[in-house]
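# Inside the fold
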Amino acid sequence: MAEARLEPVKEVSPPLLRVVRKGAEERELVVNTSKCAACGICETACPVGAISVAPPSAVVRKGEDPIDVDESKCVLCGICSFVCPYDVIQLFVNGKPMTEVGLPKLPKSVEVDEEKCVYCSLCADTCPQEAITVEREVPTPGDLVMGEIEIDEEKCIYCKACEEACPADAITVERPKPGADNPEPEFSIEVDEDKCVYCGVCMRTCPVDAIKVGCMVCYGTTRGEIPEKGEVDGSVDVDPSSCVYCGWCGFVCPVDAIEVIKPYEGTLEVDDEECVGCGLCVEVCPCGALEFEKGGKADKTKIVAHPETCAYCGACARACPVSAITVVREGVTAMPEVPTKAWKKALDSVLGPVEKE
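Residues numbered from 1 in each chain as written. Predicted model: local features only at pLDDT ≥ 70, side-chain atom pairs only at ≥ 80, totals over all residues. Heavy atoms only, no water.

### Some words on the sheet that holds strand β1 (residues 9–13)
- Across the sheet, 5 strands lie side by side as β1-β2-β3-β6-β7; this open sheet has antiparallel pairing. The open sheet is flanked by β1 and β7 (96–97), the only strands paired with a single partner.
- Pairing of strand β3 (residues 27–32) with strand β6 (residues 89–93) involves 5 bridges; the strand directions are antiparallel. The partner of Arg-27 across the bridge, within β6, is Val-93. (Pairing = 2+ DSSP bridges. Helix = DSSP H or I, 4+ residues; strand = E, 2+ residues; numbered from the N terminus.)

### Remarks on the side chain of Ser-109
- With respect to the helices and strands, Ser-109 occurs in strand β8 (residues 109–112).
- Residue Ser-109 is classed as buried on the basis of its relative accessible area, which comes to 18%.
- When near neighbours in sequence (up to four residues on either side) are disregarded, Ser-109 contacts Tyr-245, Glu-259, Val-260 and Ile-261. (Buried < 20%, exposed > 50% of the residue type's maximum accessible area, 1.4 Å probe, protein only. Contact = heavy atoms within 4.5 Å.)

### Focus: the sheet that holds strand β21 (residues 352–353)
- What the 3 strands build is an open sheet, ordered β17-β20-β21; its pairing is antiparallel. Bordering the open sheet on either side are β17 (264–270) and β21, each of which pairs with just one other strand.

### Notes on the packing of aromatic side chains
- For the structure on display, the rule yields 3 aromatic pairs.
- Taking the centre distance of 5.2 Å and the plane angle of 55 degrees together, the rings of Phe-82 and Trp-343 count as tilted. Note that Phe-82 is positioned in helix α3 (residues 79–83) and Trp-343 in helix α11 (residues 341–350), a separation of 261 residues in sequence.
- Ring plane angle 75 degrees and centroid distance 5.6 Å describe the contact between Tyr-158 and Phe-187, whose orientation is recorded as edge-to-face. Of the two residues, Tyr-158 is situated in the loop between β10 (146–151) and α6 (161–165) and Phe-187 in the loop between β11 (171–174) and β12 (188–191); the sequence distance between them amounts to 29 residues.
- Overall, Tyr-158 belongs to the buried group, its relative accessible area being 12%.
- Note that Arg-329 overlies the ring of Tyr-264, its terminal NZ or CZ placed 5.8 Å from the centroid. (Phe/Tyr/Trp six-rings, centres within 6.5 Å; stacked < 30°, edge-to-face > 60°. Lys NZ or Arg CZ within 6 Å of the ring centre and 35° of its normal.)

### Digging into the pairing of β6
- Here β6 shows a clear split, with Ile-89, Leu-91 and Val-93 buried on one side and none of Gln-90 and Phe-92 buried on the other.
- The pairing of β6 with β7 spans 2 bridges and is antiparallel. The residue of β7 that forms the bridge with Val-93 is Lys-96.
- Following β6, the chain reverses through 2 residues before pairing antiparallel with β7; Asn-94 in that reversal takes a positive phi of roughly 50 degrees.

Function cannot be read off these values alone, since they describe shape.
Spelled out as structure tokens, the structure:
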């Protein structure tokens with residue numbers, strides 16, 4: 001007698017939705033609904049019609065759940081995970097990601113060449129999903145300048161004028177308050193030579209001429225050996241659980257240190273004549289590829305598209321109430337080897353123009 005098929009069970013623990021089928025082989029489909037853009041690619045590709053995706057407008061303006069999976073239909077094949085551009089859906093087989101058991105995923109990655117990177121943080125500042133963290137260490141002024149500073153404490157009256165004037169915050173004056181128990185407290189003045197740039201501001205500020213400064217390497221004047229150029233060091237971390245592979249980081253990087261591989265190639269266009277400027281597309285786009293025109297005319301709000309930072313998911317086209325946006329997925333960046341004709345058919349189904357919801 002054939003063994004009865006074990007039915008999948010759905011577990012919902014927001015923001016995660018899980019469909020689990022246990023047996024000799026355990027399969028688990030995990031959906032992170034908080035990351036879903038309601039683009040509908042998975043719904044289109046699902047060969048058994050187990051996935052339903054809400055209209056993007058209902059998700060961003062009414063707070064509806066973006067995606068649901070009918071566990072009575074789902075066969076946990078992994079095709080939805082395969083086509084998802086944002087890694088919203090993950091399939092695990094016996095606890096391992098689908099790619100570790102021979103199933104394919106569309107290529108998508110962010111690579112940072114840290115030999116080129118200057119850790120300027122433009123990528124982190126620009127990322128629409130705040131998926132990038134940059135840590136930077138810069139040389140101290142003491143590593144880059146050479147000079148001497150001398151304070152004559154017999155002349156110094158500890159007035160703190162030099163401390164207030166110092167542009168590098170390199171001077172500290174300690175001036176304890178006199179009291180009955182200590183009528184003549186000990187005053188002191190210290191210079192942090194790792195901060196000091198030997199600019200001479202303190203010397204020119206001192207009312208009693210107690211400070212002398214000599215600069216050997218500063219402001220283009222050199223006397224003696226020039227210090228080695230300081231190194232800027234740091235690290236860049238890209239959180240794959242937040243990244244949407246939009247390409248903004250690579251687009252803004254001033255030293256071409258970032259390479260982004262998107263899953264899809266395509267086109268994005270906005271029809272200015274049809275657009276009513278409602279801004280729904282701006283709200284639903286997870287990539288920040290659409291924005292209101294800056295300085296536009298008061299009588300016509302225009303939406304500006306940035307195709308170079310678009311993931312071609314099509315959420316904006318699905319959402320547009322007047323069909324003013326055209327998104328066409330023309331192909332994939334690199335075609336993986338698919339296991340069956342069903343997978344190839346599923347991928348083919350999501351290529352082409354995106355239909356209105």
